[in-house]
Amino acid sequence: MRKARLTAVCLLALAFGAASLLTSVDAKITKGNTRAAQTKYLMRGIVKPNCGGLGGLLKAGPKTDEEWDTAACNASCLSEMGHVLMADGRCPDKAWADAAKALREGSDAVLAAIEAKDADAANAAFTTATGSCAACHKAHKK
Ligand code: HEC
């Protein structure tokens, strides 16, 4: 009788432990440990506009110096977001880490192509960068 009760208490403690672990993993996806910004605001405020802007410029092909410069600005911000997504304990697993790496490396390659004013190479690299959106969202976006 006593033993059964003890087992029940242990099981309950285990269940609570597992539940709090799950919540903390979820918390890391939606927000880091110490910084204020929620992931959705980084996505809406930084990732989405820079991705959309860059996609539009690359599709049409940047023509003026100002357009090349804006494309470089967009790619730089996306690259940096690949670092930010790994900071402050936000990364929960390998799927996230791999996607953040693809965002970083794809954006860096876009930036290098922009610096060389090579629109074809920039478009190819942009595909790698945008592949990261789908990969991470499939695993972690509800
Ligand atoms: C490493 C993971 C990861 C990568 C890479 C990533 N996202 Fe996200 N994104 C998320 C998560 C997680 C959410 C959901 C956040 C939430 O609702 O708390 C999200 C949500 C969003 C949202 C909805 C924001 C809102 O207003 O609720 C947009 C738009 C978005 N992402 C765009 C993008 C684009 C575009 C890319 C690629 C250039 C991208 N994301 C790459 C993880 C990622």
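As shown above, the structure is provided for reference.
This text gives an overview of the structure that appears in the document.

Conventions and cut-offs
- The numbers attached to residues start from 1 for each chain and follow its sequence in the written order.
- With the structure being a predicted model, the display of local features is reserved for residues of pLDDT at least 70 and the display and counting of side-chain atom pairs for 80 or more, all residues being used for whole-chain, interface and lining totals.
- Only hydrogens and water are removed before side-chain values are computed, so all heavy atoms of the structure are retained for them.
- Put simply, DSSP H or I for four residues or longer makes a helix, DSSP E for two residues or longer makes a strand, and each gets a number counted from the N terminus.
- What makes a residue near a molecule or strand is one non-hydrogen atom of that residue sitting within 4 Å of it.
- Throughout this description, a polar contact denotes any pair of N or O atoms lying within 3.5 Å of each other; where both atoms belong to protein, one of them has to be capable of donating a hydrogen while the other can accept it, and for residues adjacent in sequence the pair is counted only when both atoms sit in side chains.
- Gly counts as polar in this scheme, as do all residues outside two lists: the nonpolar Ala, Val, Leu, Ile, Met, Phe, Trp, Tyr, Cys and Pro, and the charged Asp, Glu, Lys and Arg.
- Any carboxyl oxygen of Asp or Glu that lies within 4 Å of a side-chain nitrogen of Lys or Arg is treated as forming a salt bridge with it.

1. Overview of the environment of Cys 73
Here Cys 73 lies in helix α3 (residues 65-84). Residues Cys 73 and Leu 54 lie 19 residues apart in sequence; the distance between their C-alpha atoms is 8.8 Å.

2. Quick look at the site of the ligand
Lining the immediate surroundings of the ligand are 16 residues, of which Met 43, Arg 44, Cys 133, Cys 136 and His 137 lie closest. Contacts to the ligand include Arg 44, whose side-chain N or O atom sits 2.6 Å from an oxygen atom. Between the ligand and His 137, the relevant distance is 2.8 Å, taken from a nitrogen atom to a side-chain nitrogen or oxygen of the residue. When residues of the shell around the ligand are traced back to their parent elements, those giving at least two are α1 (2-30), α2 (39-60) and α5 (119-140). It is α2 that contributes the most residues to the shell around the ligand, six residues altogether. Each residue belonging to the shell around the ligand can be placed in one class, and the counts come to eight nonpolar, four polar and four charged.

3. With respect to the pattern of salt bridges
Pairing is possible between side chains of opposite charge, provided their charged atoms come close. In this structure the tally under the stated criterion is three salt bridges. Note that Lys 101 is salt-bridged to Glu 105, the shortest N-O span being 3.6 Å. Taken together, the residues span about one helical turn, with Lys 101 and Glu 105 both in helix α4 (residues 94-115) at a distance of four residues.

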